[in-house]
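Examination of the molecular architecture
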Amino acid sequence: MSRRKTASPTRSRLSTALFAALALPLAGSAFAQDAATTAPDDAKTLDKVVVTGSLIPTSQIETATPVLTITAEDIQARGFNSVTDVLQKSSFATGGIQGAQTSASFTQGAETLSLFGLDPGYVKYLIDGRPMANYPALYNGSSTFNNISGIPVDLVDRIEILPGGQSSLYGSDAIAGVVNIILKKRLDGTVLNVRGGWYAHGGGASTRVTLSHGFGSDDGRFNGLFGFQHQERDPIWGYQRDRTKQFNVNGYSNPIASRDYLVFSPFTSYKFMDPANCANVTSGFGGTEGLQTRPGFGDENYCGSMFTPGYRTIMNEKKSTQVYSHATFDINDNTQLYGDVLLNQEKTSYHVGSNFTWWGTSVKWGYFYDPDLDDFLNLQRAFTPEDMGPGGFRNTMSNDKSKSYAVTFGVDGTFGGEWDYDIGFTRTQYDLDETSWVRFAGPMDDYFQDHVLGPQLGLDPYYGAYPVFQPNYGAFYTIMPVEDFRSITGFATSKSKTSDNMLRAQVTNSALFSLPGGDAGIAIALEGGSQKWDYSPAPGFLNGDIWGQTSVAGGGDRTRYAGTAEIRLPVWDMLTVTASGRYDAFKAAGNTVSKPTYSLGLEFRPIDTLLLRGKYGTAFKAPTLSDMFMGESGYYSSVVDYYQCSLAGFGPDAVENCPNQFSSRQFFGTQSGNPDLDPINAKVWSAGAVWSPIDRLSISLDYLHWDIDDEVTQQSANALSLQDYRCRTGIDDINSALCQAALSQVTRNAAGFITEIFTPKINVSNETLNAVTLAATYQWETANFGSFLARGSFTENLKHEYQQYAEDPMVDLLNDPYWSSDPVRKADASLSWTKSQFNTTLYANWFDSTPNYAAQLTDKGYGGNRGGKLPSHISWNLSLGYNPIPQLQLSFMVNNLFDKMPPMDWSYPGTSGAPYNGGNFDVYGRAYYMEAKYMFGAK
């Protein structure tokens, strides 16, 4: 947070051209435009500022590290609705992610992104250069990440995306890159911004109101800004879109209706036991329930609907409020106090869908025996909107309520003439209440036993293990009374929290001494603090009181400290060298994990219009508190029982001939965190060039490389079974520490068969990634037709390989559709025009082709059904702006201008209710937005 200092009186034409291009507003703000157009093209001075990727103020716009900057004007002109929109549309964001379209995900109410297809937790998020609080719930049930949905987009000044490993400056997590969200700091007068939007196909209507006010004292010593943003958005339900309202009628297999009322046998398949032939349930699912037929399955008939997939949300309902304040007070010419507060309150509501809203006998009883049919059976029954009463599925929506804050206060200033200092304390906290609709196990099973199954009549005559019932099948095929449904279902709330305290002190001198190329600069920073995570699910998820769902508890805390140093050396006019180093240490559970990182950057300017740049360094991710302290959770899987195979005469090289009961042995697995984890390590480097052949034109090309080791995954059950075999057969010393550990993790029953395996998290996986990025900016002005600005960004992943366990072959993530469906290439571009009171921007976002659902791995990449590929996809946004008076801006935006739906994946089966890749695309369709911004008191 160093103060600005005047630059030396020389600056390259490259920086001049870039500054002119970046200064032009995309949205046509009259005030920003005046500032840009009155600046002379041949300006020779530029304030030194701190940019993401360095701690030292510099006047160079392009340095050794590529930075993508998206301004507030960009955000509005391109039609982006949120910070999430901005980041997910970036060409760097090539990785598919879970979100609102992923039914029953662990973090359906949160938003994140994946840079270059890397783990979402590999991105370091900063707000004004300070780390964000981690989201308390875990991505995919196991990974720590950041939720980026609660940032007030109307109060954002700019967003800077810094690709590549940056741990030598920013510490843990900065492997894929750094995202720095910089909020506004100064405002003249008061600004009221009102925005409303709606979708052409229905649902998702939204309103957003933002009020911001700048204030200060007459003498200029006290300055501040206060901002308030409130947003409300309706959900989008699957039934509001043709692609998601029913089962896939164009899939590679015929569509199959949902089996909403089904009696089935493991021996004779479907049993149709309804004396009314579904007549008593035809009102279900909006009158779409009825008699269905599936040839070749037992009695073939059952009661179901083709339209049950539509009963889930594909966009969350959302209500959010953010309050932001920034203030500074100059004690004297050399000392300034500052403070920042960002508060966020958010509620997202969603429904996981009819697939997860049901009851069946299998959970409590497994199968039961019906003596009248002399058969073993299971019952399976969906809950319909009509069971739930007026409002239907809206009555059973789950919701996530979160409160978060970030508070910073400190002092900065100068001493000794050329030294700047900054001492600040930041506290962040994130509280999350996840209220889930649940089925209560005891009441629900008792209800259906009382109303359908009847009293238990002993045990079956064949195995003596399964209960005997004589059900009233007519009662099974009925709509429930609403009061009965409400008596067996309800809501349960899980609570979680994260917090982070950080005290940081930094000194900077951007004119430490003179070199032939200019002044050398140095920055030194020390920081320390504490972190905490706690996840406390509702007790019913852990003790079995909640039917069909489970969870995991966990919590822990640690202290940390770090030291950072950076030096910038303009060796001569053409060459600048930048070096940085950092040491991080984390102490938890009596263990200390430490990691030094470093980087070396070069900037070479052979001519004043060309910059050649490169950077090499290391990065890391410290073990997260969830990786260390997550409690045990269970799962079922199968494994080769190498020991039993060996007793049957088949060694590890001949397990394909081993009897099936040994070669595919089902076991109950338990997983948990591991307090002894090591950091994830990465070697990273980049090389590139920036060329500005004429004023207002710049082109950059960069190559990036990651080599990531010691990634965290679950210990391999197969490897544990193999080690257990080696120890039991004497190949390895059974008394060794290795054998004692393996034998303690593999549990066998009295007959010697594997029944349980404990697979905690370990450091073992590896990943390699090469990518290239291309960006271009060109601005031109005409005498009669106004100003034009064109921008484009392109990313291609050249290589992305992953190895989960040391004994596994490398997986080619760019060509193996079983592991990844990410695009290899992604791009975006915009063309803006401004003249007088009018402005417009056309924005395009492009996805390369991706694997389809039935893609198969071949020696030439992926192929298979329908070529194994989905076509490339492009969507367009258009914005129109008009300033009738200088204080008023009016905007009209159309997102997805041509109402382009995602590529239809015909290879999905007829049982799919969403035949498209929801990790890459959405089916929201064309959206319209109107916005008015009025600036009170502006000059």
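All values derive from a computational prediction rather than experimental measurement. (Residues numbered from 1 in each chain as written. Predicted model: local features only at pLDDT ≥ 70, side-chain atom pairs only at ≥ 80, totals over all residues. Heavy atoms only, no water.)

This brings us to the overall build of the chain. Broken down by element type, the chain carries 16 helices and 45 strands. Taking 939 residues into account, the globule formula puts the C-alpha radius of gyration at 30 Å, and the chain, at 31 Å, falls close to it. Taking the principal axes of the C-alpha coordinates as reference, the chain spans close to 95 × 70 × 55 Å. Across the 939 residues in the chain, those meeting the buried criterion constitute 55%. Within the chain, counting contacts between residues at least 6 apart in sequence, those at least 24 apart form 72% of the total. Surface summary for the chain: the accessible area is close to 37600 Å², and the carbon and sulfur share equals 55%. With 70 positive and 95 negative side-chain charges, the chain shows a separation of 6 Å between the mean positions of the two kinds. (Helix = DSSP H or I, 4+ residues; strand = E, 2+ residues; numbered from the N terminus. Rg over C-alpha atoms; globule rule 2.2 N^0.38 Å. Buried < 20%, exposed > 50% of the residue type's maximum accessible area, 1.4 Å probe, protein only. Contact = heavy atoms within 4.5 Å. Areas by Shrake-Rupley, 256 points an atom, 1.4 Å probe, with all protein chains shown as cover. Lys, Arg positive; Asp, Glu negative; His and termini not counted. Charge placed at Lys NZ, Arg CZ, Asp CG, Glu CD.)

For the rest of this paragraph, the subject is a positive patch on the surface. Taken together, the side chains of Lys319, Lys347, Lys401 and Lys403 define a basic patch exposed on the protein surface. Tracing the sequence through the fold places Lys403 in strand β20 (residues 398-415). With relative accessibility at 53%, the residue Lys403 sits in the exposed group. (Patch = residues over 30% accessible without salt bridge, like charges linked within 9 Å, V, L, I, M, F, W, Y side chains within 5 Å. Salt bridge = Lys/Arg side-chain N within 4 Å of Asp/Glu carboxyl O.)

Moving on, we come to the confidence of the model for the chain. For the chain, mean pLDDT is 90; residues scoring 70 or higher make up 93% of the total. Contacts from residues 1-46, a stretch scored under 50 in pLDDT, to residues over four places away or in other chains number 123 contacts. (pLDDT = per-residue confidence, 0-100.)

Counted by the stated rule, this structure contains 54 aromatic pairs. Ring geometry for Tyr447 and Phe448: centres 5.2 Å apart, planes at 90°, overall edge-to-face. The aromatic ring of Tyr643 is capped on one face by Arg728, whose charged end is 5.7 Å from the ring centroid. (Phe/Tyr/Trp six-rings, centres within 6.5 Å; stacked < 30°, edge-to-face > 60°. Lys NZ or Arg CZ within 6 Å of the ring centre and 35° of its normal.)

What follows deals with the sheet that holds strand β5 (residues 177-183). Ordered in space as β1-β4-β5-β2-β3, the five strands form an open sheet in which the pairing is mixed. Whereas interior strands pair on both sides, the edge strands pair on one side only; in this sheet they are β1 (68-71) and β3 (130-131). Pairing between β1 and strand β4 (residues 156-163): four bridges, direction antiparallel. Looking at the pairing, Ile70 lines up with Ile159 of β4. (Pairing = 2+ DSSP bridges.)

Another aspect to go through is the packing of helix α15 (residues 717-728) against helix α16 (residues 737-745). At a minimum axis distance of 9 Å, the contact between α15 and α16 shows a crossing angle of 120°. Judged by the inter-axis angle, α15 sits oblique to α16. Relative to α16, the crossing made by α15 is left-handed. Across from Leu720, Gln723, Asp724, Cys727 and Arg728 in α15, the residues of α16 making contact are Leu738, Cys739, Ala742, Leu743 and Gln745. Along the lines of polarity and charge, the residues of the contact of α15 with α16 split into six nonpolar, two polar and two charged. (Axes fitted to C-alpha atoms, helices over the stretch in contact; angles between N-to-C directions. Parallel < 35°, antiparallel > 145°, perpendicular 65-115°, else oblique. Left-handed = near helix turned anticlockwise from the far one by under 90°. Nonpolar A, V, L, I, M, F, W, Y, C, P; charged D, E, K, R; others polar.)

Here we come to the state of the cysteines. Under the counting rule described, the total for this entry stands at three disulfides. Sulfur-sulfur distance for the disulfide between Cys727 and Cys739 comes to 2.1 Å. Between Cys727 and Cys739, the S-S torsion sits near -90°, and that sign places the bridge as left-handed. Here Cys739 lies in helix α16 and Cys727 lies in helix α15, a separation of 12 residues in the sequence. Judged on exposure class, the residue Cys727 and its partner Cys739 are both buried. Across the chain, the disulfide pattern expressed with sequentially numbered bonded cysteines is 1-2, 3-4, 5-6. (Disulfide = S-S within 2.5 Å.)

Think of a ball as big as a water molecule: rolled over the atoms, this probe shows where empty space is left. One pass over the structure, following the stated rule, counts 10 cavities of 30 Å³ or more. Taken together, 22 residues form the lining of the second largest cavity, with Ile127, Met132, Leu342, Tyr405 and Ala406 sitting closest to its centre. Those elements giving two or more residues to the lining of the second largest cavity turn out to be β3, β16 (335-350), β20 and β21 (419-439). In terms of residue class, the lining of the second largest cavity is made up of 11 nonpolar, eight polar and three charged. (1 Å grid on protein atoms, 1.4 Å probe; cavity = no way out; pocket = protein on both sides within 12 Å on 5 of 7 lines; lining within 4 Å. Points joined across faces, edges and corners; volume = space filled by probe spheres on them.)

Scanning all chains against the criterion turns up 32 salt bridges. With a closest N to O distance of 3.0 Å, Arg208 and Asp154 form a salt bridge. Placement of the pair is Arg208 in strand β7 (residues 206-216) and Asp154 in the loop between β3 and β4, with a sequence separation of 54 residues. In this structure, Arg208 and Asp154 share a single accessibility class: buried. In this structure, Lys495 engages Asp433 in a salt bridge whose closest nitrogen and oxygen atoms are separated by 3.1 Å. Here Lys495, found in strand β22 (residues 489-515), pairs with Asp433, found in strand β21; they are 62 residues apart in sequence, far enough to count as distant. Taking the relative accessible area as the measure of exposure, Lys495 reaches 46% and is therefore partly exposed. Residues joined by salt bridges that share partners form a network here, namely Arg504, Glu527, Arg560, Arg582 and Asp584.

Attention now moves to helix α8 (residues 441-453). In this model, α8 (13 residues) spans only 16 Å end to end at C-alpha, well below the 18 Å of a helix rising 1.5 Å per residue. All of the buried residues along α8 are Ala441, Met444, Asp445, Tyr447, Phe448, Gln449, Val452 and Leu453. Downstream of α8 by a residue or two, Gly454 has a phi angle that is positive, lying close to 85°. (Expected span 1.5 Å × (residues − 1).)

Time to look at the sheet that holds strand β29 (residues 665-671). Sheet architecture is open: four strands sit in the order β28-β29-β33-β32, paired in mixed fashion. Every interior strand has two partners, whereas the edge strands, β28 (633-639) and β32 (746-748), have only one. In this sheet, adjacent strand axes meet at a mean angle of 25° when their direction is disregarded. One ladder, built from three bridges, connects β32 with strand β33 (residues 754-758); its direction is antiparallel.

Bringing a nonpolar patch on the surface into the picture now. Together, Leu192, Val194, Val209, Leu211, Phe226, Phe228 and Phe936 line one region of the surface with nonpolar side chains, adding up to about 530 Å² of accessible area. Broken down by secondary-structure element, the contributors of at least two residues to the nonpolar patch are β6 (190-199), β7 and β8 (222-233). Counting through the fold element by element, Leu211 comes out in strand β7.

Negative phi characterises most residues that are not glycine, and trans characterises most peptide bonds. With a phi close to 75°, Glu300 is a non-glycine residue in the positive phi region. Overall, the relative accessible area of 30% leaves Glu300 in the partly exposed class.

Once that is clear, we can look at the nonpolar core. Side chains of nonpolar character tend, in soluble globular proteins, to be buried together. Membership of the largest hydrophobic core comes to 42 residues, with the highest contact counts inside it found for Leu87, Ile159 and Trp706. Taken together, the elements giving at least two residues each to this core come down to α4 (83-89), β2 (123-127), β4, β5, β30 (680-691), β31 (697-714) and β34 (761-782). Every residue in contact with Leu87, bar those within four places of it in the chain, is listed here: Ala93, Leu113, Tyr125, Ile148, Ile159, Ile161 and Val179. Formed by 33 residues, the second largest nonpolar core is a distinct cluster that contains Phe272, Met397, Val452 and Tyr473. (Core = buried A, V, L, I, M, F, W, Y, C linked by side-chain atoms within 4.5 Å.)

Our next topic: the environment of Asp702. Looking at the element boundaries, Asp702 is found in strand β31. Taking the relative accessible area as the measure of exposure, Asp702 reaches 2% and is therefore buried. Separated by 89 residues in sequence, Asp702 and Arg613 place their C-alpha atoms 8.7 Å apart. Aside from chain neighbours lying at most four places away, what touches Asp702 is Pro66, Arg613, Ala687, Gly688, Ala689, Ala771, Val772 and Thr773. Only 2.7 Å separates the side chain of Asp702 from the side chain of Arg613, close enough to count as a polar contact. (Polar contact = N/O pair within 3.5 Å; in protein donor to acceptor, adjacent residues only side chain to side chain.)

By the burial criterion, the buried members of α16 are Cys739, Ala742 and Gln745. Projected onto a plane normal to the axis of α16, the buried residues spread over an arc of 135° and lie on a single side. Looking at α16, the residues exposed on the side facing more than 90 degrees away from the buried face are Ala737 and Ser744. The inward-facing, buried residues of α16 abut α15, β32 and β33. (Arc of directions from axis to C-beta.)

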